[in-house]
Amino acid sequence: MKKENGFNKEVFKQSVLYNVKSLFRKTIEDATPAQVFQAVAYAVKDVIIDEWIATHKEYEKQDAKTVYYLSMEFLMGRALGNNMINICAYQEIQEALDELGFDLNLIEDQEPDAALGNGGLGRLAACFLDSLATLNYPAYGCGIRYRYGMFKQKIEDGFQVEVPDEWLKDGNPFEVRRSEYSMEVKFGGYVKAEWDGKRSNFVQEGYQSVLAVPYDIPVVGYGNNVVNTLRVWDAQPINTFSLDSFDKGDYQKAVEQENLAKNICEVLYPNDNHYAGKELRLKQQYFFISASVQRAVAKYMEKHDDIRKFHEKVVFQLNDTHPTVAVAELMRILLDVYHLDWEEAWEVTTKTCAYTNHTIMAEALEKWPIELFSRLLPRIYQIVEEINRRFIADIQAKFPGDQEKVRKMAIVYDGQVKMAHLAIAGSFSVNGVARLHTEILKNQELKSFYQMYPEKFNSKTNGITQRRFLLHGNPLLADWVTSKIGDEWITNLPHIKKLAVYASDEKCQQEFMNIKYQNKLRLAKYIKEHNGIDVDPRSIFDVQVKRLHEYKRQLMNILHVMFLYNQLKDNPNMDIIPRTFIFGAKAAAGYKIAKLTIKLINAVADVINNDKSINGKIKVVFIEDYRVSNAEMIFAAADVSEQISTASKEASGTGNMKFMLNGALTLGTMDGANVEIVEEVGEDKAFIFGLSSDEVIDYENNGGYVPMDIFNNDQDIRRVLMQLINGYYAPHDPELFRGIYNSLLNTQSSDRADTYFILKDFRSYAEAHEKVDKAYRDEKWWAEAAILNVASSGKFTSDRTIEEYVRDIWHLKKVTVEMKNEKPIRR
């Protein structure tokens, strides 16, 4: 599988020594690990650049159709290790550094995670880029070069504190600034219509503008010479500092342009609990979309003369609703720059744009106040209004006299611009990200749109790249898998099913469980260093790591830990297998109850971890600043994968797939991709509990669930909930967790109590945990089930997902890149 890379270790070492000298004016003996990291990264980039140039020359030569994957987030993780693996030189570079006196693990640890994303949405985008390059498909990722990302999470006194993530403070050695492709992006002002005798020309005047400057980051395919591009845009002022204004004493105006640019790229998802935050989010979205669409059109017109055939060479994939303004921006360029008439422009646009829906949560389907949208993007708003007028006419033609359909489907309604509706109207494809999710979209959330455009809807179950989450993240298991079945799984994950024959072999079971133990030791060391907590690697590592949101139900997990602790306090001799409950999650800065849940987890951890009377039978750990680099370590060490979202709420989930690939058993609801995971591995190799999605939807539509009944009738649950408000976990502030208590029982509000059915599912969840305890005692059964989880993970590679997008939506062709006189490392 691996290409012959002709790697020259001595030349590579010389390259590192040279880079240390030229970058830092030092010899290798005096260089810090951080400086050695930079030197190694530049040496690796040197290999990549030749392949990068060759790839794009080949794309141009073949005039290849290209997908532009438009996303607010790309959670790439660290680049060095991944790039070394994909150029097939990891081992050789490790040896070279060893000979120079450096440990590669230490060098890799110097690299900050690229702070370009937050959760599953951004990590999915990163996996997709990896797969596109590995499968030889022409692609650009397009996003924003955030200076501080979301935030670095610190835990202080149990509370989340957000501090800036200064990931760029030492520069990013892999990026290339491409100022020659800079684009102007305009905000505000007004639109003037000028008649030229034939048509009205629309001109935006009185606007403020910024310069979008692209930085290109290489996305390296595995062993195939292909290097695609992640293009992230930085905002810079067009007229730098106004000296005239400064001299006149108008300091505010002097820095206004600079601040406009600076703010756009400062942080990912600014808090939008207030108007200024909403405005900044919309600015960010239009900024990177306008720049990306303008550049895509300009690139196309360098080689073609008919803009009407744009869709034959370009496809825009909108990753959720954030990039939806691409529909209107492409229309603006076609109408105002290329002077197409409306019908021609609309035909090109609707053959170019495709939309992925990632959520059924109403609050995540973006809506913008008309006042804000029209003030910030006056020309775009005019175009959206006209799209909406024509769309409503289509709805009325399809469903005559049905005003309810118009109310549900209009793009502009109730003083809001509804971005999901614009995305569906303006795209030729609308896909969900797991089978269950797509069915819910078709039958519930987007039912009217499905009735109008059934041909647009399709399902693409998400996937993950095994090259990062097994080959790089879990080298011990990766080597073991390769020793059993060869290395074809690296680019063809379904091949991993050949492992199944080893699942019942006692020697293989012992080898597998020993690897799991080594990975648990590695994580235990990390926990000791970062949390100061001693955890037992022989305990069950029960893990829930993901974005913190009420529907993901981290709260149910910690309430169950409280319940288990009560049982142990009542019966110190209770026979349970020791458990380590591991959490990792960031809560959005303005999301109060999510942040309070983090405090609760840490408060419970403080009490339990310091209670000697329970003999360490349970421990609770909250891992600070959960991110891709520590995730790799966590997935490798997990025994139990907590996938416990309220059924129907999680579109897909991808953490569930990463745990499965690393041999953890799923404890979960039948939600998102869990349904398909259980289908692949068998329900007897997972621990399924809780309401079904149909039952949840039925309660939501018809009522009938009263959490107070459970509180009144279940003494154990009542005891746990009372501990939230009696000072048991917050002796100095007994009211601290009152907000959580109220959300479950809703004694103070008109909102529905226990929106996410935590108390309803609680007993079923506790029983599933008892089954885990029982199953883990049978070491052979557990080892076999864990190996079969790995062997059944083949479907969940992002390579499969991408092939489906290509087959059904994008219609790209593979491009082979040959390298002549390959020089992997040169100075």
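Scroll up a little and you will see the structure.
Residues numbered from 1 in each chain as written. Predicted model: local features only at pLDDT ≥ 70, side-chain atom pairs only at ≥ 80, totals over all residues. Heavy atoms only, no water.

Below, the discussion takes up helix H11 (residues 342–352). Here H11 has its buried residues at Trp342, Ala345, Val348, Thr349, Thr350 and Thr352. The secondary structure elements touched by the buried residues of H11 are strand E11 (314–319), helix H10 (325–337), strand E12 (353–356), helix H13 (378–398) and helix H15 (419–425). (Buried < 20%, exposed > 50% of the residue type's maximum accessible area, 1.4 Å probe, protein only. Helix = DSSP H or I, 4+ residues; strand = E, 2+ residues; numbered from the N terminus. Contact = heavy atoms within 4.5 Å.)

Okay, the environment of arginine 78 next. As for its position among the elements, arginine 78 is in the loop between strand E1 (66–70) and helix H3 (80–86). Sequence spacing of arginine 78 and proline 112 is 34 residues, and the spatial spacing of their C-alpha atoms is 6.6 Å. Sequence-distant contacts of arginine 78, that is, excluding residues within four places in its chain, are made with Glu108, Asp109, Glu111, Pro112, Asp113, Arg468 and Ser629. Within the structure, arginine 78 has its side chain in polar contact with the backbone oxygen of glutamate 111 (distance 2.8 Å). (Polar contact = N/O pair within 3.5 Å; in protein donor to acceptor, adjacent residues only side chain to side chain.)

This part covers the sheet that holds strand E22 (residues 665–668). Spatial strand order, E20-E19-E18-E21-E22-E23: six strands in an open sheet with parallel pairing. A strand with exactly one partner marks an edge of an open sheet, and here the two such strands are strand E20 (618–622) and strand E23 (687–688). Taken together, the two bridges between strand E18 (residues 540–545) and strand E21 (residues 640–643) define a ladder with parallel strand orientation. Looking at the pairing, aspartate 542 lines up with valine 640 of E21. Contacts from helix H22 (residues 592–609) reach strand E19 (579–584) and E20 within the one sheet, and its direction differs from that of E20 by about 145°. (Pairing = 2+ DSSP bridges. Axes fitted to C-alpha atoms, helices over the stretch in contact; angles between N-to-C directions.)

In this section: helix H1 (residues 9–24). An α-helix turns once every 3.6 residues. As a result, residues three or four positions apart point the same way. Its 16 residues give H1 an end-to-end C-alpha distance of 22 Å, which sits within 8% of 22 Å, the value for a rise of 1.5 Å per residue. Elements that come into contact with the buried residues of H1 comprise helix H2 (33–62) and helix H4 (90–99). Regarding H1, its N-cap is asparagine 8, as a side-chain oxygen of that residue lies 3.0 Å from the backbone nitrogen of glutamate 10 further along. Two residues or fewer past H1, arginine 25 is found with a positive phi of approximately 55°. (Expected span 1.5 Å × (residues − 1).)

Following the sequence through the fold, aspartate 394 ends up in helix H13. Classification of aspartate 394 by relative accessible area gives partly exposed; the value is 41%. Linking aspartate 394 and methionine 452, residues 58 residues apart in sequence, is a C-alpha distance of 9.3 Å.

Another aspect to go through is the pattern of salt bridges. One pass over the structure, following the stated rule, counts 65 salt bridges. In this structure, glutamate 99 and lysine 9 form a salt bridge, with 3.0 Å as the shortest nitrogen-oxygen distance. Remark: lysine 9 occurs in helix H1 and glutamate 99 occurs in helix H4; sequence separation between them is 90 residues. Overall, the relative accessible area of 44% leaves glutamate 99 in the partly exposed class. Its salt-bridge partner being glutamate 679, residue arginine 435 comes within 2.5 Å of it at the nearest N-O pair. On the criterion of sequence distance, the pair formed by arginine 435 in helix H16 (residues 435–445) and glutamate 679 in helix H25 (residues 674–681) is long-range, its members being 244 residues apart. Of the residues examined, arginine 435 reaches a relative accessible area of 37% and is grouped as partly exposed. One salt-bridge network, in which partners are shared between bridges, spans Arg78, Asp109, Asp113, Lys586, Asp625 and Arg627. (Salt bridge = Lys/Arg side-chain N within 4 Å of Asp/Glu carboxyl O.)

The next thing to look at is the packing of H11 against H13. The interhelical angle for the contact between H11 and H13, taken along N-to-C directions, is 90°, at an axis separation of 13 Å. Judged on the interaxial angle alone, H13 and H11 are roughly perpendicular. Across the interface between the two elements, Trp342, Glu343 and Trp346 of H11 pack against Ile383, Glu386, Ile387 and Arg390 of H13. Residue composition of the contact of H11 with H13, grouped by class: four nonpolar, no polar and three charged. (Parallel < 35°, antiparallel > 145°, perpendicular 65-115°, else oblique. Nonpolar A, V, L, I, M, F, W, Y, C, P; charged D, E, K, R; others polar.)

Taken in spatial order, the three strands line up as E13-E15-E14 in an open sheet, and their pairing is antiparallel. Each of the sheet's edge strands pairs with one partner strand only, and the pair in question is strand E13 (367–369) and strand E14 (412–413). Pairing geometry for E13 and strand E15 (residues 416–418), over three bridges, is antiparallel. Within the sheet, the bridge partner assigned to lysine 367 lies in E15 and is lysine 418.

Turning to the side chain of threonine 797, a few remarks are in order. Tracing the backbone shows threonine 797 in the loop between helix H31 (779–791) and helix H32 (798–810). Within the structure, threonine 797 has its side chain in polar contact with the side chain of glutamine 466 (distance 2.9 Å). In contact with threonine 797, other than residues within four places in its own chain, are Gly463, Ile464, Gln466, Leu493 and Pro494.

A separate point is the packing of aromatic side chains. A complete count under the given rule lists 26 aromatic pairs for this structure. Taking the centre distance of 5.5 Å and the plane angle of 90° together, the rings of phenylalanine 563 and phenylalanine 762 count as edge-to-face. Here the residue phenylalanine 563 occupies a position in helix H21 (residues 554–570), and phenylalanine 762 occupies one in helix H30 (residues 758–777), the gap between them amounting to 199 residues. Judged by relative accessible area, phenylalanine 762 falls into the buried class, the value being 2%. (Phe/Tyr/Trp six-rings, centres within 6.5 Å; stacked < 30°, edge-to-face > 60°.)

This part is about the state of the cysteines. Applying the stated criterion across every chain, the model contains zero disulfides. Counting only cysteine sulfurs, cysteine 142 is the nearest neighbor of cysteine 265, a cysteine outside any disulfide, at a range of 14 Å. The cysteine cysteine 353 is free of any disulfide, with cysteine 142 supplying the nearest cysteine sulfur at 12 Å. (Disulfide = S-S within 2.5 Å.)

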